[in-house]
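An overview of the molecular structure
Next come the chains, spelled out residue by residue.
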Amino acid sequence: KMWVQELQKRGIPCSDVVTLSNVLGDPVKIREWQIAGLPRDTVSTDNAIVMNQSRRWPLLIDPQGQANKWIRNMEKDSGLHVLKMWVQELQKRGIPCSDVVTLSNVLGDPVKIREWQIAGLPRDTVSTDNAIVMNQSRRWPLLIDPQGQANKWIRNMEKDSGLHVLKM
């Protein structure tokens, strides 16, 4: 709340509530998904956003079949083939997959992540996941950076673009 008050005092646009759908979501696209059968709960919306933003194949664990129904509705005109199989079946067929689902595995670009690390991004999972969210954001991300690591990394990444950094 202190950050929101400080940003508002300085005239910087911000949201009172930070959620995945506020940062990465497109309200029109989310509404289209809901019309096509996506449940209206936050978890389903967040999962759909991650799936939509993924550069690789997302793994869907869908015990109630809601995601399956939604994807079939969304992709019915594109010739989508839905197959039910486990990780072993995917591997048997030579389809790259992982039994570990992380933000960097789903949304990350390994080359870009390596470039970020060379520019000073710490190599821990939290820093990498935060960088992915920041990079994928359609709006201005708020960075709470008590150690100054993100500040250093962004300055290195954007040194040739004339970036202006506001410190509060």
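See the structure shown above.
A quick note: this is a predicted structure, and the numbers were derived from the prediction, not measured.

Here we come to helix 9 (residues 125-136). Given a rise of 1.5 Å per residue, twelve residues ought to cover 16 Å, and the 16 Å separating the end C-alpha atoms of helix 9 matches this to within 8%. Tucked inside the fold, the buried residues of helix 9 contact helix 2 (20-24), helix 4 (42-53), helix 7 (103-107), helix 8 (110-118) and helix 10 (149-157). The residue sitting at the N-terminus of helix 9 and contributing the capping side-chain oxygen is Asp-124; that oxygen lies 3.3 Å from the backbone nitrogen of Val-126.

Glancing now at helix 8. Every buried residue belonging to helix 8 is among Ile-113, Trp-116 and Gln-117, and all of these are buried. Burial along helix 8 is one-sided: seen end-on, the buried residues are contained in an arc of 100 degrees. Exposed side of helix 8, more than 90 degrees from the buried face: Val-111 and Ile-118 are the residues found there. On the buried face of helix 8, the contacting elements are helix 7, helix 9 and helix 10. Within two residues after helix 8, Gly-120 carries a phi angle of roughly 115 degrees, on the positive side.

A few words on the side chain of Gln-117. In this structure, Gln-117 sits in helix 8. Non-local contacts of Gln-117, meaning those with residues more than four positions away in its chain, are made with Arg-123 and Thr-128.

On to the packing of helix 8 against helix 9, then. Following both chains from N to C, one finds helix 8 and helix 9 inclined at 110 degrees, their axes separated by 11 Å at the closest point. Comparing the axis directions of helix 8 and helix 9 gives the class roughly perpendicular. In this structure, helix 8 meets helix 9 at a crossing whose hand is right-handed. Between helix 8 and helix 9, the residues in contact are Lys-112, Ile-113, Trp-116 and Gln-117 and Thr-128, Ala-131, Ile-132 and Asn-135, respectively.

The next thing to look at is the environment of Arg-114. By the secondary structure assignment, Arg-114 is in helix 8. Overall, Arg-114 belongs to the partly exposed group, its relative accessible area being 39%. Each C-alpha atom, one on Arg-114 and one on Thr-128, is 9.9 Å from the other, the two residues being 14 residues apart in sequence.

All right, on to the packing of aromatic side chains then. In this structure the tally under the stated criterion is two aromatic pairs. Pairing Trp-33 with Trp-70 gives two aromatic rings, centres 5.8 Å apart and planes at 75 degrees, and the pair type is edge-to-face. Of the two residues, Trp-33 is situated in helix 3 (residues 27-35) and Trp-70 in helix 5 (residues 66-74); the sequence distance between them amounts to 37 residues. In this structure, Trp-33 and Trp-70 share a single accessibility class: buried. When the centroid spacing of 5.7 Å and the interplanar angle of 75 degrees are considered together, the rings of Trp-116 and Trp-153 count as edge-to-face. With Trp-116 in helix 8 and Trp-153 in helix 10, the pair connects residues that are 37 residues apart, well separated along the chain. Its relative accessible area of 5% is what places Trp-116 among the buried residues.

Attention now goes to the pattern of salt bridges. Oppositely charged side chains may form a pair once their charged atoms are brought near each other. Per the stated rule, a full pass over the model turns up two salt bridges. The shortest N-O distance in the salt bridge between Glu-6 and Lys-9 comes to 3.4 Å. Taken together, the residues Glu-6 and Lys-9, both in helix 1 (residues 2-9) and three residues apart, mark about one turn of the helix. Arg-10 serves as the salt-bridge partner of Glu-6, at 2.7 Å between the closest nitrogen and oxygen. Taken together, the shared-partner salt bridges in this structure form one network comprising Glu-6, Lys-9 and Arg-10.

Moving on: the packing of helix 3 against helix 4. Two numbers describe how helix 3 lies on helix 4: the axes approach to 11 Å, and their chain directions differ by 110 degrees. Taken together, helix 3 and helix 4 sit at an angle that is classed as roughly perpendicular. Read as a crossing pair, helix 3 and helix 4 show a hand that is right-handed. Of the residues in helix 4, those touching helix 3 at Lys-29, Ile-30, Trp-33 and Gln-34 are Thr-45, Ala-48, Ile-49 and Asn-52.

Definitions and cut-offs
- Residues numbered from 1 in each chain as written.
- Predicted model: local features only at pLDDT ≥ 70, side-chain atom pairs only at ≥ 80, totals over all residues.
- Heavy atoms only, no water.
- Helix = DSSP H or I, 4+ residues; strand = E, 2+ residues; numbered from the N terminus.
- Expected span 1.5 Å × (residues − 1).
- Contact = heavy atoms within 4.5 Å.
- Polar contact = N/O pair within 3.5 Å; in protein donor to acceptor, adjacent residues only side chain to side chain.
- Buried < 20%, exposed > 50% of the residue type's maximum accessible area, 1.4 Å probe, protein only.
- Arc of directions from axis to C-beta.
- Axes fitted to C-alpha atoms, helices over the stretch in contact; angles between N-to-C directions.
- Parallel < 35°, antiparallel > 145°, perpendicular 65-115°, else oblique.
- Left-handed = near helix turned anticlockwise from the far one by under 90°.
- Phe/Tyr/Trp six-rings, centres within 6.5 Å; stacked < 30°, edge-to-face > 60°.
- Salt bridge = Lys/Arg side-chain N within 4 Å of Asp/Glu carboxyl O.

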